[in-house]
Amino acid sequence: MVTALAALCGALVVGGLWLAMSSWRPVPVVRTERQAQARSSALLQRDCVIAAVGSGLLVLVLTRWPVAAIGAAVAGWSIAAMPRRADRERHEARTEAIALWTEMLRDSMGTARGVEGALVATAAAAPVAIRPEIQRMAQRLSSEPLGDVLDDLATDLDHPLGDLVVTALRLTSTTGGRRVREVLADLAAAAYAEAESHRRIAVARQRPRAALKYTALIIGGFVGLLAVFSRRYLEPYDSAVGQVVLAAVGFYWAAGLWWMHRMGRSNPVPRFLTNASGGAA
(Lines give C-alpha, C1' and ligand atoms only; values in the text may rest on other atoms or scores of the structure.)
Protein backbone atom coordinates (compact mmCIF):
# COMPACT_ATOMS: atom_id res chain seq x y z
CA MET A 1 0.00 0.00 0.00
CA VAL A 2 2.81 2.38 0.91
CA THR A 3 4.67 1.53 -2.28
CA ALA A 4 1.62 2.17 -4.45
CA LEU A 5 1.03 5.51 -2.67
CA ALA A 6 4.66 6.51 -3.25
CA ALA A 7 4.36 5.59 -6.93
CA LEU A 8 1.21 7.70 -7.24
CA CYS A 9 2.94 10.66 -5.61
CA GLY A 10 5.88 10.30 -8.00
CA ALA A 11 3.52 10.24 -10.99
CA LEU A 12 1.75 13.38 -9.75
CA VAL A 13 5.07 15.20 -9.29
CA VAL A 14 6.18 14.29 -12.80
CA GLY A 15 2.83 15.36 -14.23
CA GLY A 16 3.04 18.69 -12.43
CA LEU A 17 6.54 19.33 -13.77
CA TRP A 18 5.38 18.52 -17.30
CA LEU A 19 2.41 20.91 -17.04
CA ALA A 20 4.64 23.65 -15.66
CA MET A 21 7.17 23.28 -18.48
CA SER A 22 4.38 23.23 -21.07
CA SER A 23 2.84 26.45 -19.73
CA TRP A 24 6.17 28.29 -19.82
CA ARG A 25 6.93 27.31 -23.43
CA PRO A 26 6.46 30.19 -25.92
CA VAL A 27 4.61 29.42 -29.15
CA PRO A 28 6.59 30.80 -32.13
CA VAL A 29 5.04 31.69 -35.48
CA VAL A 30 5.91 29.00 -38.02
CA ARG A 31 6.68 30.57 -41.38
CA THR A 32 8.74 28.02 -43.31
CA GLU A 33 8.98 24.27 -43.47
CA ARG A 34 12.51 24.34 -42.07
CA GLN A 35 11.38 26.45 -39.10
CA ALA A 36 8.48 24.07 -38.55
CA GLN A 37 10.87 21.12 -38.52
CA ALA A 38 13.23 22.89 -36.11
CA ARG A 39 10.34 23.66 -33.76
CA SER A 40 9.05 20.10 -34.04
CA SER A 41 12.52 18.76 -33.29
CA ALA A 42 12.83 20.98 -30.21
CA LEU A 43 9.42 19.87 -28.93
CA LEU A 44 10.32 16.24 -29.60
CA GLN A 45 13.52 16.55 -27.59
CA ARG A 46 11.62 18.18 -24.74
CA ASP A 47 9.04 15.39 -24.73
CA CYS A 48 11.82 12.78 -24.81
CA VAL A 49 13.53 14.34 -21.80
CA ILE A 50 10.27 14.56 -19.86
CA ALA A 51 9.34 10.97 -20.71
CA ALA A 52 12.79 9.66 -19.78
CA VAL A 53 13.00 11.53 -16.47
CA GLY A 54 9.40 10.75 -15.54
CA SER A 55 9.70 7.04 -16.35
CA GLY A 56 13.02 6.72 -14.55
CA LEU A 57 11.78 8.44 -11.37
CA LEU A 58 8.53 6.50 -11.33
CA VAL A 59 10.25 3.12 -11.68
CA LEU A 60 12.92 4.08 -9.13
CA VAL A 61 10.26 4.96 -6.57
CA LEU A 62 8.28 1.85 -7.39
CA THR A 63 11.10 -0.71 -7.40
CA ARG A 64 14.18 1.03 -5.89
CA TRP A 65 16.29 -0.66 -8.57
CA PRO A 66 18.86 1.57 -10.33
CA VAL A 67 19.06 -0.75 -13.32
CA ALA A 68 15.29 -0.75 -13.75
CA ALA A 69 15.22 3.05 -13.48
CA ILE A 70 17.84 3.39 -16.20
CA GLY A 71 15.98 0.92 -18.40
CA ALA A 72 12.70 2.77 -17.87
CA ALA A 73 14.35 6.07 -18.76
CA VAL A 74 15.72 4.60 -21.99
CA ALA A 75 12.32 3.08 -22.78
CA GLY A 76 10.55 6.38 -22.13
CA TRP A 77 12.96 8.24 -24.40
CA SER A 78 12.58 5.63 -27.16
CA ILE A 79 8.78 5.64 -27.03
CA ALA A 80 8.62 9.44 -27.11
CA ALA A 81 11.04 9.55 -30.04
CA MET A 82 9.09 7.08 -32.19
CA PRO A 83 7.65 8.53 -35.43
CA ARG A 84 4.15 9.90 -35.08
CA ARG A 85 1.30 9.29 -37.45
CA ALA A 86 0.71 13.03 -37.85
CA ASP A 87 4.25 13.48 -39.18
CA ARG A 88 3.74 10.77 -41.80
CA GLU A 89 0.42 12.26 -42.88
CA ARG A 90 1.98 15.72 -43.07
CA HIS A 91 4.76 14.42 -45.33
CA GLU A 92 2.23 12.72 -47.59
CA ALA A 93 0.17 15.93 -47.78
CA ARG A 94 3.23 17.93 -48.80
CA THR A 95 4.14 15.32 -51.41
CA GLU A 96 0.68 15.56 -52.99
CA ALA A 97 0.78 19.37 -52.76
CA ILE A 98 4.09 19.52 -54.63
CA ALA A 99 2.66 17.14 -57.24
CA LEU A 100 -0.39 19.36 -57.72
CA TRP A 101 1.76 22.48 -57.97
CA THR A 102 3.95 20.71 -60.53
CA GLU A 103 0.88 20.07 -62.65
CA MET A 104 -0.03 23.76 -62.39
CA LEU A 105 3.46 24.66 -63.58
CA ARG A 106 3.13 22.22 -66.47
CA ASP A 107 -0.09 23.86 -67.61
CA SER A 108 1.46 27.34 -67.32
CA MET A 109 4.60 26.50 -69.31
CA GLY A 110 4.92 27.12 -73.02
CA THR A 111 3.61 30.69 -72.91
CA ALA A 112 5.38 33.98 -73.43
CA ARG A 113 5.62 34.61 -69.70
CA GLY A 114 8.56 32.24 -69.23
CA VAL A 115 9.57 30.50 -66.02
CA GLU A 116 9.20 33.61 -63.86
CA GLY A 117 5.71 34.28 -65.16
CA ALA A 118 4.62 30.69 -64.57
CA LEU A 119 5.92 30.78 -61.00
CA VAL A 120 4.10 34.02 -60.23
CA ALA A 121 0.90 32.80 -61.90
CA THR A 122 0.74 29.67 -59.75
CA ALA A 123 1.57 31.36 -56.43
CA ALA A 124 -1.93 32.56 -55.61
CA ALA A 125 -3.58 29.18 -56.24
CA ALA A 126 -0.79 26.96 -54.86
CA PRO A 127 -1.86 24.10 -52.57
CA VAL A 128 -2.32 25.09 -48.95
CA ALA A 129 0.44 22.79 -47.67
CA ILE A 130 3.14 24.67 -49.60
CA ARG A 131 1.44 28.00 -50.29
CA PRO A 132 3.58 30.11 -47.90
CA GLU A 133 6.79 28.91 -49.55
CA ILE A 134 5.48 29.49 -53.09
CA GLN A 135 4.10 32.94 -52.34
CA ARG A 136 7.35 33.99 -50.65
CA MET A 137 9.23 32.81 -53.72
CA ALA A 138 6.92 34.78 -56.04
CA GLN A 139 7.41 37.98 -54.02
CA ARG A 140 11.19 37.68 -54.23
CA LEU A 141 11.24 37.22 -58.00
CA SER A 142 10.71 40.94 -58.57
CA SER A 143 13.96 41.91 -56.83
CA GLU A 144 16.27 38.87 -56.84
CA PRO A 145 17.81 36.60 -59.49
CA LEU A 146 15.83 33.53 -60.47
CA GLY A 147 18.65 31.12 -59.57
CA ASP A 148 18.94 32.35 -55.98
CA VAL A 149 15.16 32.29 -55.53
CA LEU A 150 14.92 28.72 -56.81
CA ASP A 151 17.74 27.59 -54.51
CA ASP A 152 15.96 29.06 -51.50
CA LEU A 153 12.69 27.51 -52.68
CA ALA A 154 14.30 24.06 -52.66
CA THR A 155 15.51 24.74 -49.11
CA ASP A 156 12.05 25.88 -47.96
CA LEU A 157 10.26 22.92 -49.52
CA ASP A 158 12.84 20.53 -48.03
CA HIS A 159 11.57 17.62 -50.11
CA PRO A 160 13.30 15.35 -52.67
CA LEU A 161 10.54 16.00 -55.19
CA GLY A 162 10.98 19.75 -54.68
CA ASP A 163 14.64 19.35 -55.63
CA LEU A 164 13.63 17.65 -58.88
CA VAL A 165 11.13 20.38 -59.74
CA VAL A 166 13.65 23.12 -58.99
CA THR A 167 16.26 21.36 -61.13
CA ALA A 168 13.82 21.15 -64.06
CA LEU A 169 12.98 24.85 -63.71
CA ARG A 170 16.64 25.85 -63.57
CA LEU A 171 17.44 23.85 -66.69
CA THR A 172 14.47 25.41 -68.45
CA SER A 173 15.51 28.94 -67.51
CA THR A 174 19.16 28.48 -68.58
CA THR A 175 18.99 26.13 -71.56
CA GLY A 176 15.40 26.61 -72.68
CA GLY A 177 14.26 23.04 -72.19
CA ARG A 178 11.87 22.01 -74.93
CA ARG A 179 10.27 19.12 -73.10
CA VAL A 180 9.76 20.76 -69.74
CA ARG A 181 6.01 20.08 -69.86
CA GLU A 182 6.62 16.34 -70.26
CA VAL A 183 9.23 16.39 -67.49
CA LEU A 184 6.89 18.17 -65.08
CA ALA A 185 4.06 15.79 -65.95
CA ASP A 186 6.32 12.80 -65.21
CA LEU A 187 7.39 14.36 -61.90
CA ALA A 188 3.77 14.92 -60.88
CA ALA A 189 2.85 11.34 -61.73
CA ALA A 190 5.86 10.06 -59.78
CA ALA A 191 4.85 12.19 -56.79
CA TYR A 192 1.31 10.83 -56.74
CA ALA A 193 2.66 7.29 -57.01
CA GLU A 194 5.09 7.97 -54.14
CA ALA A 195 2.32 9.27 -51.89
CA GLU A 196 0.16 6.23 -52.68
CA SER A 197 3.04 3.83 -51.99
CA HIS A 198 3.71 5.56 -48.65
CA ARG A 199 0.10 5.02 -47.64
CA ARG A 200 0.23 1.34 -48.57
CA ILE A 201 3.52 0.83 -46.75
CA ALA A 202 2.14 2.58 -43.65
CA VAL A 203 -0.85 0.23 -43.61
CA ALA A 204 1.39 -2.82 -44.05
CA ARG A 205 3.63 -1.74 -41.18
CA GLN A 206 0.80 -1.24 -38.72
CA ARG A 207 0.95 -4.92 -37.76
CA PRO A 208 4.60 -5.02 -36.52
CA ARG A 209 4.13 -1.64 -34.82
CA ALA A 210 1.02 -2.86 -33.04
CA ALA A 211 2.85 -6.03 -32.00
CA LEU A 212 5.71 -3.93 -30.62
CA LYS A 213 3.33 -1.70 -28.70
CA TYR A 214 1.33 -4.55 -27.16
CA THR A 215 4.45 -6.53 -26.28
CA ALA A 216 5.97 -3.56 -24.46
CA LEU A 217 2.71 -2.84 -22.61
CA ILE A 218 2.33 -6.46 -21.51
CA ILE A 219 5.91 -6.68 -20.25
CA GLY A 220 5.80 -3.35 -18.44
CA GLY A 221 2.36 -4.00 -16.96
CA PHE A 222 3.32 -7.46 -15.72
CA VAL A 223 6.50 -6.23 -14.04
CA GLY A 224 4.64 -3.27 -12.53
CA LEU A 225 1.96 -5.52 -11.04
CA LEU A 226 4.60 -7.79 -9.56
CA ALA A 227 6.42 -4.82 -8.03
CA VAL A 228 3.24 -3.50 -6.40
CA PHE A 229 1.37 -6.65 -5.33
CA SER A 230 4.07 -9.31 -5.11
CA ARG A 231 7.17 -7.60 -3.84
CA ARG A 232 8.48 -10.76 -2.15
CA TYR A 233 8.63 -12.53 -5.53
CA LEU A 234 11.09 -9.91 -6.77
CA GLU A 235 13.27 -9.74 -3.65
CA PRO A 236 16.20 -11.64 -5.30
CA TYR A 237 16.71 -8.64 -7.59
CA ASP A 238 17.42 -6.36 -4.62
CA SER A 239 21.00 -7.67 -4.35
CA ALA A 240 23.95 -6.64 -6.52
CA VAL A 241 23.91 -9.99 -8.33
CA GLY A 242 20.20 -9.57 -8.94
CA GLN A 243 20.80 -6.19 -10.51
CA VAL A 244 23.39 -7.71 -12.85
CA VAL A 245 20.92 -10.42 -13.86
CA LEU A 246 18.22 -7.80 -14.32
CA ALA A 247 20.55 -5.80 -16.58
CA ALA A 248 21.17 -8.89 -18.72
CA VAL A 249 17.46 -9.66 -19.00
CA GLY A 250 16.66 -6.03 -19.77
CA PHE A 251 19.30 -5.95 -22.51
CA TYR A 252 17.82 -9.12 -24.04
CA TRP A 253 14.31 -7.66 -24.15
CA ALA A 254 15.56 -4.29 -25.36
CA ALA A 255 17.39 -5.95 -28.25
CA GLY A 256 14.23 -7.84 -29.23
CA LEU A 257 12.05 -4.73 -29.08
CA TRP A 258 14.61 -2.73 -31.05
CA TRP A 259 14.65 -5.40 -33.76
CA MET A 260 10.85 -5.32 -33.97
CA HIS A 261 10.94 -1.54 -34.30
CA ARG A 262 13.60 -1.77 -37.01
CA MET A 263 11.36 -4.10 -39.02
CA GLY A 264 8.69 -1.39 -39.26
CA ARG A 265 10.99 1.58 -39.86
CA SER A 266 11.28 3.35 -43.21
CA ASN A 267 14.25 5.35 -44.45
CA PRO A 268 13.28 8.56 -46.28
CA VAL A 269 14.79 9.38 -49.66
CA PRO A 270 17.61 11.91 -49.12
CA ARG A 271 17.67 15.26 -50.88
CA PHE A 272 20.40 16.06 -53.39
CA LEU A 273 20.24 19.89 -53.62
CA THR A 274 22.03 20.36 -50.30
CA ASN A 275 25.55 21.26 -49.34
CA ALA A 276 27.50 20.26 -46.25
CA SER A 277 25.78 22.86 -44.08
CA GLY A 278 22.30 21.83 -45.12
CA GLY A 279 21.57 24.76 -47.44
CA ALA A 280 20.78 24.70 -51.12
CA ALA A 281 23.62 23.71 -53.41
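Conventions and cut-offs
Residues numbered from 1 in each chain as written. Predicted model: local features only at pLDDT ≥ 70, side-chain atom pairs only at ≥ 80, totals over all residues. Heavy atoms only, no water. Helix = DSSP H or I, 4+ residues; strand = E, 2+ residues; numbered from the N terminus. Buried < 20%, exposed > 50% of the residue type's maximum accessible area, 1.4 Å probe, protein only. Contact = heavy atoms within 4.5 Å. pLDDT = per-residue confidence, 0-100. Patch = residues over 30% accessible without salt bridge, like charges linked within 9 Å, V, L, I, M, F, W, Y side chains within 5 Å. Areas by Shrake-Rupley, 256 points an atom, 1.4 Å probe, with all protein chains shown as cover. Salt bridge = Lys/Arg side-chain N within 4 Å of Asp/Glu carboxyl O. Expected span 1.5 Å × (residues − 1). Axes fitted to C-alpha atoms, helices over the stretch in contact; angles between N-to-C directions. Nonpolar A, V, L, I, M, F, W, Y, C, P; charged D, E, K, R; others polar. Core = buried A, V, L, I, M, F, W, Y, C linked by side-chain atoms within 4.5 Å.

**Regarding the overall build of the chain**
Next, step 1: Within the chain, the regular secondary structure consists of 11 helices and zero strands.
Next, step 2: Each helix (α) and strand (β) of the chain, taken in turn from the N terminus, gives the series α-α-α-α-α-α-α-α-α-α-α.
Next, step 3: Every one of the 281 residues in the chain was classed for burial, and the buried ones make up 30%.
Next, step 4: Pairs at least 24 apart in sequence give 67% of the contacts found in the chain among residues at least 6 apart.

**What about the confidence of the model for the chain?**
Next, step 1: When the pLDDT values of the chain are averaged, the result is 76; 76% of them are 70 or greater.
Next, step 2: Element-level mean pLDDT values for the chain span from 59 in helix α1 (residues 2–24) up to 89 in helix α6 (residues 131–140).
Next, step 3: Overall, residues 276–281 carries pLDDT values under 50, and its contacts beyond four positions in sequence, including any with other chains, amount to 12 contacts.

**Observations regarding a nonpolar patch on the surface**
Next, step 1: A surface patch of nonpolar side chains, amounting to about 520 Å² of accessible area, comprises Val241, Val245, Val249, Tyr252 and Trp253.
Next, step 2: If you trace the backbone, Val241 turns up in helix α11 (residues 240–263).
Next, step 3: For Val241, a relative accessible area of 60% corresponds to the exposed category.

**A closer look at unusual backbone geometry**
Only a minority of non-glycine residues have a phi that is not negative, and only a minority of peptide bonds are not trans.
Next, step 1: Even without a glycine there, the phi angle at Asp158 is positive, about 50°.
Next, step 2: Here Asp158 shows up in the loop between α7 (146–157) and α8 (160–175).

**Some details on helix α10 (residues 206–229)**
Next, step 1: Under the 1.5 Å per step criterion, the end-to-end length of α10 is 34 Å for 24 residues, consistent within 8% with the ideal 34 Å.
Next, step 2: Residues of α10 that are buried: Leu212, Leu226 and Ala227.

**Description of the pattern of salt bridges**
Next, step 1: According to the stated counting rule, one finds seven salt bridges in the structure shown.
Next, step 2: The salt bridge involving Arg106 is made with Asp107; its shortest N-O contact spans 3.1 Å.
Next, step 3: Via salt bridges that share partners, Arg140, Glu144 and Asp152 belong to a single interconnected network.

**Some thoughts on the packing of helix α9 (residues 180–204) against α10**
Angle between the axes and distance between the axes: these two values describe a pair of packed helices.
Next, step 1: Where α9 meets α10, the closest approach of the two axes is 4 Å, and the angle between their N-to-C directions is 35°. Facing α9, whose interface residues are Ala202, Val203 and Ala204, α10 presents Gln206, Arg207 and Pro208.
Next, step 2: Classifying every residue of the contact of α9 with α10 by side-chain character gives four nonpolar, one polar and one charged.

**A closer look at the nonpolar core**
Next, step 1: Trp101, Leu119, Val165 and Leu169 are the most contacted members of the largest nonpolar core, which has 32 residues in total.
Next, step 2: For this core, the secondary-structure elements that each account for two or more residues are α4 (85–108), α5 (114–123), α6, α7, α8 and α9.
Next, step 3: The residues contacting Trp101, other than those within four sequence positions of it, are Leu119, Thr122, Ala126, Pro127, Ile130, Ile134, Met137, Leu153, Val165 and Leu169.
Next, step 4: Counting seven residues, the second largest nonpolar core, distinct from the first, contains Leu62, Trp65, Ala227 and Leu234.

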